[in-house]
Amino acid sequence: MAPQTFRPERRHLLRHGLALGLSGTLLLPPVQRWAQAADDFIRGPAVPDQPLQRLSPRVAMVFAADGFPTPENRGMMANIIFVLTSVGVVVLDTGASVQIGEMAIRRLRTLTDKPVVAVVNSHYHGDHFLGNDAFVQAFGPALPIHAHPAARAQIQGMAGNAWRSLMERWTNGATMGTQVVPPDRDAGHGTTLRFGDTTLKFHHHGRAHTEADLCVEVLEDGVVYVGDVAMNGRIANMDDGSYLGTLKTFDTLERDVPGALWVPGHGHASRTLLAEQRLLFSGIYRNCEAAVKAGEDEAQARRRVLADPTVAAHAGRTQGWDGNIGKYISLAYLEAEKAAF
Ligand SMILES: [Zn+2]
């Protein structure tokens, strides 16, 4: 781990209008000062501007090069998508901190002066909703934030604060100052929202990356933001997921939106993304299934998976492979055991 590379900012202190002495020290009793410092004043640094990619006439993306949070990237690990409509901007996922959300708004301002009129959170993992804070601060508390009902419940409950704490730890405090702002509108499979000249259609096919994933189709452009149902060049966190559910979701999306440009939460957009990821997911799962049927243990399943050329082809181009493939196979083996029971 690299040493801490930033100093806490005092911006909040000034914003809250608290009294400063001539020497710059606070005119507050020490205990109160300490409590406020811990709660309020300590704020991670700004996140440097990240590259913006135009994906279609209506869709642009702030691209995250890294797949995992570190002190150096300050939590910038997930893509943020802008849908530019005639009545304003819809933001699909908001990043892992208030600072990342603020950076995304700076990048958006190079594309349009129109306001953000809605936000969607694709699921309840913190790299996709912790930036909501910045958008609500900039565009007002009435800004609608849409999510699957189960994602809303998770973010309002334990997952919201748990993810905020995890992100602070992984980034060595760079995301400090972020408040959890949960989504306030339900969306589900078939929900359609109209924004002027643009139609957003939501897809959900049961548990895939989580039980609460929403994929968002920008109908007029043939673009589908799939969140973390598929990633490009990064291994997924499958702790809340299902291999069979993921494969079913891929099949159904390809049937319902043929030829789409698939935009993942992590990595580059591509028209072949689901086809490629299907090979990886089915390569892992089908080998575990075969091992279970043959009465083999998990170690033998692991050997089968790693010997499969369709799986091995992903190893060199997938961030987090060595650290996660073992757990990934364990989860597939468990799911295959459950399915065989
Ligand atoms: Zn993610």
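One can find the structure itself at the top, above this paragraph.
Residues numbered from 1 in each chain as written. Predicted model: local features only at pLDDT ≥ 70, side-chain atom pairs only at ≥ 80, totals over all residues.

Below, the discussion takes up the environment of Ala212. Structurally, Ala212 is set in the loop between strand S9 (198-203) and strand S10 (215-218). For Ala212, a count of 25 C-beta atoms within 10 Å puts it in the buried group. Residues in contact with Ala212, not counting those within four places in the same chain, are His123, Tyr124, His148, Ala150, Ala151 and Gln154. (Helix = DSSP H or I, 4+ residues; strand = E, 2+ residues; numbered from the N terminus. Buried ≥ 20, exposed ≤ 12 C-beta atoms within 10 Å, placed from the backbone. Contact = placed C-beta atoms within 7 Å.)

Another point: the sheet that holds strand S5 (residues 116-120). An order of S1-S2-S3-S4-S5-S6-S7 is seen for the seven strands of this open sheet, with the pairing classed as mixed. The open sheet has two edge strands with one neighbour each: strand S1 (52-54) and strand S7 (185-186). Across the sheet, helix H4 (residues 132-139) touches strand S4 (88-92), S5 and strand S6 (145-147), and the angle it forms with S5 is around 160°. (Pairing = 2+ DSSP bridges. Axes fitted to C-alpha atoms, helices over the stretch in contact; angles between N-to-C directions.)

This brings us to helix H5 (residues 149-156). What H5 keeps buried is the set Ala151, Arg152, Gln154 and Ile155. Along the long axis of H5, the arc covered by the buried residues comes to 165°, so they all point the same way. Looking at the packing, one finds that the buried side of H5 touches S6, helix H6 (158-170) and S7. (Arc of directions from axis to C-beta.)

Among the five residues in strand S11 (residues 223-227), five count as buried, and that is most of the element. Residue alternation in S11 divides its side chains into two sets, Val223, Tyr225 and Gly227 and Val224 and Val226, and both sets are buried. Pairing between S10 and S11: three bridges, direction antiparallel. Following the sheet pairing, Glu217 is matched in S11 by Val224. The antiparallel pairing of S10 with S11 creates a hairpin that spans four residues between the two strands, and Gly222 there sits at a positive phi of about 65°. As defined by bridge partners, S11 adjoins strand S12 (residues 261-264) across four bridges and the pair is classed as parallel. Pairing of Gly227 across the sheet is with Pro264, part of S12. A crossover connection joins S11 to the parallel S12 through helix H7 (residues 243-256); in handedness this β-α-β unit is right-handed. (Right-handed = clockwise from strand over helix to strand, strands pointing away.)

Most of the time, phi is negative for any residue but glycine, and the peptide bond is trans. Even without being a glycine, Arg74 presents a positive backbone phi close to 55°. Along the chain, Arg74 turns up in the loop between strand S2 (59-62) and strand S3 (80-85). In the Ramachandran plot, Asn172 falls in the positive-phi region, its phi being about 55° despite a non-glycine side chain. The class for Asn172 is buried, based on 20 C-beta atoms found within 10 Å.

The five strands are arranged S8-S9-S10-S11-S12 in an open sheet whose pairing can be described as mixed. For this open sheet the edge positions go to strand S8 (192-195) and S12, each flanked by a neighbour on one side alone. Across the sheet, the mean angle from the axis of one strand to that of its neighbour is 20°, orientation sign disregarded. Sheet analysis places S9 next to S10, joined by four bridges and oriented antiparallel. Counted as the bridge partner of His203 is Cys215 from S10.

On to the environment of Asn287. Along the chain, Asn287 turns up in helix H8 (residues 273-293). Separated by 49 residues in sequence, Asn287 and Ala336 have C-alpha atoms that sit 9.4 Å apart. Contacts of Asn287, omitting those with residues within four sequence positions, involve Ala301, Arg304, Val305 and Asp308.

What follows deals with the nonpolar core. In terms of nonpolar packing, the biggest core is built from 87 residues, with Val83, Val224, Ile284, Cys288 and Ala332 touching the most fellow members. Ranked by the residues each element gives to this core, the list is headed by H8, at nine residues. Of the domains in this structure, domain 1 (1-21 + 43-197) and domain 2 (222-263 + 270-341) are the two that each give at least three residues to this core. Residues in contact with Ala332, not counting those within four places in the same chain, are Tyr243, Ile284, Tyr285 and Cys288. (Core = buried A, V, L, I, M, F, W, Y, C linked by C-beta atoms within 7 Å. Domains from an automatic or database assignment.)

Along the chain, Ile81 falls in strand S3. By C-beta crowding, Ile81 is classed as buried, having 26 other C-beta atoms within 10 Å. Once the C-alpha coordinates of Ile81 and Leu52 are considered, the two residues, 29 residues apart in sequence, prove to be 9.6 Å apart. With residues near it in sequence (within four places) discarded, Ile81 still touches Val59, Met61, Leu92, Asp93, Tyr225 and Val263.

All right, on to the packing of H8 against helix H11 (residues 321-340) then. As a packed pair, H8 and H11 sit with axes 8 Å apart at the nearest point and diverge in direction by 55°. Between H8 and H11, the angle falls in the class oblique. The hand of the H8/H11 crossing is right-handed. Residues Ile284, Tyr285, Cys288, Glu289, Ala291, Val292 and Lys293 of H8 form the contact with H11, whose own contacting residues are Tyr328, Ile329, Ala332, Tyr333, Ala336, Glu337 and Ala340. When the residues that make up the contact of H8 with H11 are grouped by side-chain class, the tally is eleven nonpolar, no polar and three charged. (Parallel < 35°, antiparallel > 145°, perpendicular 65-115°, else oblique. Left-handed = near helix turned anticlockwise from the far one by under 90°. Nonpolar A, V, L, I, M, F, W, Y, C, P; charged D, E, K, R; others polar.)

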